[in-house]
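Below are the chains, spelled out letter by letter.
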Amino acid sequence: KNAKRNTSKQWISMWGILVLFILALEIKTLVQVHVRTQPQWQMRTSIINPGMMLPDAAHERQEFRCAQGGWCPEPKLSAMEFGNSTRLTEFKAPSNSDVSSSIVGFPRERRLNAHWCKHPAHTKFPIQILEQEYGFQTVDARKTDDWDIIFGGYPHCGRSKWDWEMKSGLNRKLSKRGWSKLKPYQVWYPCMGCKNSYCNKRELCRIVRGIDPNACFLLPDDRQRILSAMDGKKHWVVKRDSPTMHNHLGKGVFFVQSPNDIPPSNKTADGTYLVQPYNEPYLGVGKYKRKSEVRFYLGITSISPLRAYVYNEQWVTLASHPYDKDNVTECMIDTHLNGAIRCESIGLSTRQLSQTFESYANNAGMTKQQASTYIERSYDLLSSIVHAAHPILEAHEVNRGITESGASCWHHLRVDAGIAADFTPYIFEVNEFSSWARVHWTDKGRVAQLNSFRELINMIGLDKHPLPASERAAYEFKHKGNWTLL
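Summarised in this report is the structure supplied together with it.

**Regarding the overall build of the protein chain**
Okay, so step 1: Helix and strand content of the protein chain: 16 helices and 16 strands.
Okay, so step 2: The proportion of buried residues among the 486 residues of the protein chain is 51%.
Okay, so step 3: If you take every contact in the protein chain between residues at least 6 apart in sequence, the share linking residues at least 24 apart comes to 75%.
Okay, so step 4: On the protein chain, roughly 23,300 Å² of surface is accessible, and the fraction owed to carbon and sulfur atoms is 54%.

Written out as C-alpha cells, the structure reads:
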C-alpha cells in the first residue's frame, strides 16, 4: 500500500509540474501579445507640439524654396487635425477593414516567410523582434522563391561581408532575375538610393548646399569660396566621405581655422572632401552646459510615390566634458558616444550622457517654445533633404523594379543632428543602418529607436495580409502611431 501511495504521489507531482509548465508558456504568450498590441505612444501636450506654427525664419525658408520651384511643405498639423486632414491627396479613405483587397496568388493568410541578411550590429536584435514578436519564420531565398520579406540590408545579402555593389550571393540572383519580376506581396529592406544621396556626407552636403549655399562647401569645386570666407578666427569642419568610404564614428573628420589648413588641391582632387562652418552649439545650464547631439528616426515606406515619415520621439547624446569656448578640447565637442574619441565623463554619469529629448530639454533649461522651435525646424530641414533626394532614389534600379512589379520596400534610418545656439538644426549624418548594440534597446534614454522600429512595422502592416500598392498609403495613414508624414 505504501508503495502504491508513493507511486501515486509521484504521478501527481509530475502532472503538477507539467501543468505549471504549460501555464507558464501560456502566460508568456499572453504577455508577448499584450506588449505587441499596446500603443507605444500616448498623445502628449508637452514640449513637442506638432501643431505649433513655425517661426518666421522657417516660413521664409519655405517660401523661398516654393518661389524657386522647390518642394512646398504644408503647415504641420496637430495629431488630432492630422487624422482629419484632406491635404494628403494620395491617401484613399481608409476602409472599415484593414484588408479590403487581396493580392492574387498570395499563398498564405499573412506574410510569414523571411530571409535574413545578417550582420551582428545591424540586424541581430531586429531579427529577434521580427521572429519572436511578429512570428516570421526563416526561409532561404537563395534556394526558393517562396519568400515574403528579405530583411537586413543589401550589403549583407552577398557572399562577402560587405557587398555594397550587390554583385554576389542573393543580390546577384535577384539582380540577374530582374527586380521587376518580384511578386506584388514581396517586401525588400531597405529602400535603395540612400548611399548615393543623403546617407553619404558628401552628397548630403550637395543637397544642403542647395537649401543654403553657405551651409556646406564641396572640394575642389568650392575651394575659392571657402578660402575667401575663412578669416582665421572661426572654426571649420573638414570631412571625407563617398559612396564607397562609409566613414562613421567621427572618422575622417577634423577641425581647421586657417586657409592653410585646408587640404591641398592634389589631395581633394578625388572628390571626397567637404567643409562646413562650425556652428556654436546650444549650451544648457549648470551641468548641462555642454554640446549635444539629437537622434531622429526616419521611416521610408514608398519611393514612387515618395512617403517619408519622421518619428515624434528623439533622444540626445551629450559631450563628456562641459563646454569652455576659450579652451575647446575634443572631449567637449565629441557627442558621438563610443566613437573615435574616448573621454571620461565629468559632471554627469555615463547613463546621463544619453537621455530622451524631453528629459534633456527640461534638464538643460530649454523653454517649451525653444524646444518646439528646434523640433519644427528639424522636421522642415529633414523634409527638404528627403524630397530633394527623391529623383536619385526614384532612379535606382532596385526601386524602379519594385515600383514596376507592385512589390514594396521600407527603411528605418537614424539622423544625427546638432543644436545651434539659435536653435537651428544642422545635420551631422544620416545612418543607412542603425547600430543595434545592446545599449540601444536596454537604455531607457534611447527607447525611441526600439519604439520607432516596432511602430514602423505596425504602420506598414508587415505581418498582415499584403495590400495592393493603391491601398498601402491609406493603411499607413490609419496606423501611423507616432510617425509624422514629411
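**Points about the nonpolar core**
Okay, so step 1: Counting 92 residues, the largest nonpolar core has W188, Y198, F296, F357 and W410 as its most contacted members.
Okay, so step 2: By residue number, the principal contributor to this core is helix α11 (residues 368-388), which donates eight residues.
Okay, so step 3: The residues contacting F296, other than those within four sequence positions of it, are V310, Q314, Y374, I375, S378, Y379, L382, L413, R414, V415 and A417.
Okay, so step 4: Within the second largest apolar cluster, 10 residues are counted, among which are F217, W236, V238 and Y273.

**A closer look at the pairing of strand β10 (residues 307-311)**
Okay, so step 1: Judged by how many residues are buried, β10 sits mostly within the fold: five of five residues are covered.
Okay, so step 2: Two elements, strand β9 (residues 292-302) and β10, share four bridges in a ladder whose sense is antiparallel. For I300, the partnering residue across the bridge sits in β10 and is A308.
Okay, so step 3: Hairpin remark: β9 followed by β10, antiparallel, with four residues in the connecting loop.
Okay, so step 4: When β10 meets strand β16 (residues 483-485), the two strands line up antiparallel, connected through three bridges.

**Some words on the packing of aromatic side chains**
Okay, so step 1: By the definition in use, this model includes 21 aromatic pairs.
Okay, so step 2: An aromatic cluster is built from W116, F125, F151, Y189, W410, W436 and F453, whose rings are joined through pairwise contacts.
Okay, so step 3: Against the face of F136 rests R110, its NZ or CZ located 5.0 Å from the ring centre.

**Focus on helix α16 (residues 469-478)**
Okay, so step 1: Most of α16 is tucked away: seven of the 10 residues are buried.
Okay, so step 2: E471, R472, A473, A474, Y475, E476 and F477 are the residues of α16 that are buried.

**Things to note about the environment of H396**
Okay, so step 1: Mapped onto the fold, H396 is located in the loop between α12 (390-395) and α13 (397-405).
Okay, so step 2: Reaching out from H396, the side chain makes a polar contact with the backbone nitrogen of V398 at a distance of 3.1 Å.

**Some thoughts on the sheet that holds strand β7 (residues 253-256)**
Sheet strands pair by backbone hydrogen bonding; their relative direction is either parallel or antiparallel.
Okay, so step 1: Strand order in the open sheet formed by four strands is β5-β8-β6-β7, with antiparallel pairing between adjacent strands. Of all the strands in the sheet, the pair left with one neighbour each is β5 (217-219) and β7. On average, adjacent strands in this sheet sit at an angle of 25° to one another, irrespective of strand direction.
Okay, so step 2: Relative to strand β8 (residues 273-277), strand β6 (residues 236-240) is paired through five bridges, and the arrangement is antiparallel. Each residue of the ladder has a partner; that of W236, found in β8, is P277.
Okay, so step 3: This element, helix α6 (residues 201-211), spans β5, β6 and β8 of the sheet and lies at about 135° to β5.

**Thoughts on the state of the cysteines**
Okay, so step 1: According to the stated counting rule, one finds five disulfides in the structure shown.
Okay, so step 2: Between the sulfur atoms of C191 and its disulfide partner C409 the distance amounts to 2.1 Å. Disulfide C191 to C409: torsion about the S-S bond roughly 100°, handedness right-handed. With C191 in the loop between β4 (187-188) and α6 and C409 in strand β13 (residues 408-409), the pair connects residues that are 218 residues apart, well separated along the chain.
Okay, so step 3: Each disulfide pairs two cysteine sulfurs, and for C205 the partner residue is C216, the sulfurs being separated by 2.0 Å. Measuring the twist about the S-S bond at about -120°, one finds the C205-C216 disulfide to be left-handed. Of the two residues, C205 is situated in helix α6 and C216 in the loop between α6 and β5; the sequence distance between them amounts to 11 residues.
Okay, so step 4: Given the relative accessible area of 2%, C205 is considered buried.

**So, the sheet that holds strand β1 (residues 113-116)**
Okay, so step 1: With parallel pairing, the five strands of this open sheet are ordered in space as β2-β1-β3-β4-β13. Of all strands in the sheet, those with a lone pairing partner are β2 (137-138) and β13, marking the two edges.
Okay, so step 2: In the sheet, β1 pairs with strand β3 (residues 149-151) via three bridges, with the strands oriented parallel. Pairing of W116 across the sheet is with F151, part of β3.

**Section: the pairing of strand β11 (residues 315-318)**
Okay, so step 1: Both faces of β11 are covered, namely the face carrying W315 and T317 and the face carrying V316 and L318.
Okay, so step 2: Pairing of β9 with β11, which is carried by four bridges, proceeds in the antiparallel orientation. Considered in β11, the bridge of V294 is made with V316.

**Side note on unusual backbone geometry**
Okay, so step 1: In this structure, the amide linkage connecting Y189 to the following residue, P190, adopts the cis form with an omega of 5°.
Okay, so step 2: Among the secondary structure elements, P190 is positioned in the loop between β4 and α6.
Okay, so step 3: Residue P220 is bonded to the preceding L219 through a cis peptide linkage, with omega at 10°.
Okay, so step 4: Mapped onto the elements, P220 comes out in the loop between β5 and α7 (223-229).
Okay, so step 5: Even without being a glycine, M166 presents a positive backbone phi close to 55°.
Okay, so step 6: Note that M166 resides in the loop between β3 and α5 (169-177).
Okay, so step 7: Of the residues examined, M166 reaches a relative accessible area of 11% and is grouped as buried.
Okay, so step 8: The phi torsion at F423 lies on the positive side, around 70°, for a residue other than glycine.

Cut-offs applied
- Residues numbered from 1 in each chain as written.
- Predicted model: local features only at pLDDT ≥ 70, side-chain atom pairs only at ≥ 80, totals over all residues.
- Heavy atoms only, no water.
- Helix = DSSP H or I, 4+ residues; strand = E, 2+ residues; numbered from the N terminus.
- Buried < 20%, exposed > 50% of the residue type's maximum accessible area, 1.4 Å probe, protein only.
- Contact = heavy atoms within 4.5 Å.
- Areas by Shrake-Rupley, 256 points an atom, 1.4 Å probe, with all protein chains shown as cover.
- Core = buried A, V, L, I, M, F, W, Y, C linked by side-chain atoms within 4.5 Å.
- Pairing = 2+ DSSP bridges.
- Phe/Tyr/Trp six-rings, centres within 6.5 Å; stacked < 30°, edge-to-face > 60°.
- Lys NZ or Arg CZ within 6 Å of the ring centre and 35° of its normal.
- Polar contact = N/O pair within 3.5 Å; in protein donor to acceptor, adjacent residues only side chain to side chain.
- Axes fitted to C-alpha atoms, helices over the stretch in contact; angles between N-to-C directions.
- Disulfide = S-S within 2.5 Å.

These values are about where atoms sit, not about what they do.
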